[in-house]
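# Observations on the model geometry
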Amino acid sequence: MEICYVLDASAFINGFKLVSKNNYTVPEITSEIKDFKSRLTFDMALEEGNLIIQDVPNEYISSVNDIISMSGDILRLSIPDKKLISLAYMLHEQGRDVKVISDDYTIQNALKIMKIPYSGVMTDGIKGIYNWKKICEGCKREYADDYPFDDCEICGSRIFKKRIKVNK
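Just so it is clear, the structure is predicted and the values come from calculations on it, not from any experiment.

### Things to note about the overall build of the chain
Secondary structure assignment for the chain yields five helices and eight strands. Put simply, the chain runs from its N terminus to its C terminus through helices and strands in the order β-α-β-α-β-α-α-β-α-β-β-β-β. Taken over the C-alpha atoms alone, the chain extends approximately 60 × 35 × 30 Å along its principal axes. In the chain, which comprises 168 residues, the proportion classed as buried is 44%.

### Some details on the sheet that holds strand E5 (residues 118–119)
Taken together, the five strands give an open sheet; going across it, the order is E3-E2-E1-E4-E5, and neighbouring strands pair in parallel fashion. The strands lining the two open edges of the sheet, one partner per strand, are strand E3 (52–53) and E5. The pairing of strand E2 (residues 23–25) with E3 spans two bridges and is parallel. The residue bridging Thr 25 from the neighbouring strand is Ile 53, located in E3.

### Looking at the nonpolar core
Val 6, Leu 7, Ile 85, Leu 87, Val 100, Leu 111 and Ile 116 are the most contacted members of the largest nonpolar core, which totals 37 residues. Elements represented by at least two residues in this core include exactly strand E1 (3–7), helix H1 (9–13), helix H2 (36–47), helix H3 (58–71), helix H4 (79–93), strand E4 (97–101) and helix H5 (105–114). Those residues in contact with Leu 111 that lie beyond four places of it in its chain are Ile 85, Ala 88, Val 100, Ile 116 and Tyr 118. In terms of nonpolar packing, the next biggest core, distinct from the first, is built from five residues, Cys 136, Tyr 147, Cys 152 and Ile 159 among them.

### Topic: the pairing of E4
Summarising the sheet, E1 and E4 pair through five bridges and their orientation is parallel. Counterpart to Tyr 5 in the pairing with E4 is Lys 99. Handedness of the β-α-β unit built from E4, H5 and E5 comes out right-handed.

### Examining the pattern of salt bridges
What the rule picks out here adds up to five salt bridges. We note a salt bridge from Asp 55 to Lys 83, for which the minimum N-O separation is 3.4 Å. In this pair, Asp 55 is assigned in the loop between E3 and H3 and Lys 83 in helix H4, connecting sequence segments 28 residues apart. Exposure remark for Lys 83: the relative accessible area of 13% places this residue in the buried category. Among the ionic pairs, Arg 158 bridges to Glu 137, the shortest N-O distance being 2.7 Å. Placement of Arg 158 in the loop between strand E7 (142–143) and strand E8 (159–166) and of Glu 137 in the loop between strand E6 (129–136) and E7 is noted, with a sequence separation of 21 residues between them. Owing to a relative accessible area of 46%, Arg 158 belongs among the partly exposed residues under this scheme. Salt bridges linked by common partners bring Glu 28, Asp 55 and Lys 83 together as one network.

### With respect to the pairing of E1
Among the five residues that make up E1, four are buried, leaving the element largely enclosed by the rest of the structure. Alignment of E1 against E2, held across two bridges, turns out to be parallel. If you follow Tyr 5 over to E2, its bridge partner there is Asn 23.

### Considering the packing of H4 against H5
Running from N to C, H4 and H5 cross one another at 30°; their axes reach a closest spacing of 11 Å. Classed by the angle they form, the pair H4 and H5 counts as roughly parallel. Like other packed secondary-structure pairs, H4 and H5 cross with a definite hand, here right-handed. Here H4 contributes Asp 81, Leu 84, Ile 85, Ala 88 and Tyr 89 to the contact with H5, which in turn contributes Ile 107, Ala 110, Leu 111 and Met 114. Classifying every residue of the contact of H4 with H5 gives eight nonpolar, no polar and one charged.

Analysis parameters
Per chain, residues are indexed from 1 in the order of the written sequence. Totals for whole chains, interfaces and linings use every residue, but because this is a predicted model, local features are given only for residues with pLDDT of at least 70 and side-chain atom pairs only at 80 or more, for both listing and counting. Side-chain numbers here rest on the full set of heavy atoms in the structure, without hydrogens or water. Every helix listed is a DSSP run of H or I at least four residues long, and every strand listed is a run of E at least two residues long, numbered separately from the N terminus. We call a residue buried when its accessible area falls under 20% of the maximum for its residue type, exposed when it is over 50%, and partly exposed in between, using a 1.4 Å probe and counting protein chains only. By definition, two strands form a pair when at least two bridges between them are found by DSSP. Put simply, a nonpolar core is a bunch of buried Ala, Val, Leu, Ile, Met, Phe, Trp, Tyr and Cys residues held in one set by side-chain atoms that sit within 4.5 Å of each other. The contact rule is simple, with two residues in contact once any of their heavy atoms fall within 4.5 Å. Crossover handedness is defined here as right-handed if the route from the first strand over the helix to the second strand goes clockwise, with the strands pointing away from the viewer. The rule for a salt bridge is simple: a side-chain nitrogen of Lys or Arg has to be within 4 Å of a carboxyl oxygen of Asp or Glu. Here, axes are lines fitted to C-alpha atoms. For helices the fit covers the stretch in contact, and angles between N-to-C directions go from 0 to 180 degrees. Any angle that is under 35 degrees is reported as roughly parallel, and any over 145 degrees as roughly antiparallel; angles of 65 to 115 degrees are reported as roughly perpendicular and all others as oblique. Note on convention: near helix rotated counterclockwise from far helix by under a right angle means a left-handed crossing. Clockwise means right-handed. Amino acids are sorted into nonpolar (Ala, Val, Leu, Ile, Met, Phe, Trp, Tyr, Cys and Pro), charged (Asp, Glu, Lys and Arg) and polar (every other residue, Gly among them).

Have a look at this one:
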């Protein structure tokens, strides 16, 4: 079975060579490709039929949001990032052989949790799995991912996102 490559903006920006016609991305990624050379590579891939821009049904986005909210990655991923991961998840669920090309460590972390293969162009990729927690700088109270404020309701200190390694 041929591999379906799901390409993040970093794949185009960092010079990933398209080796097949089985390359996918989401519409939102196009706005992240700004420099001339990357845009040219992107446009040529589209024109030559080597890249498919694929939107993702909401059911897959919801499933991915549920998965990444457990790790805290939902705090750090943009909407295009979530859509890209959802596209990989959708293809994976359809029984396709998928590999995501991204140098974004948060995307890689989410994919590692979901057991979807990935690789970077400029980086080796992450080694372990990390979760993210919202924690008060002062009293160290932990907050839920959806806590809407930047300061602690107990002591008033700033709330920050802390990376916690998961042993897997």
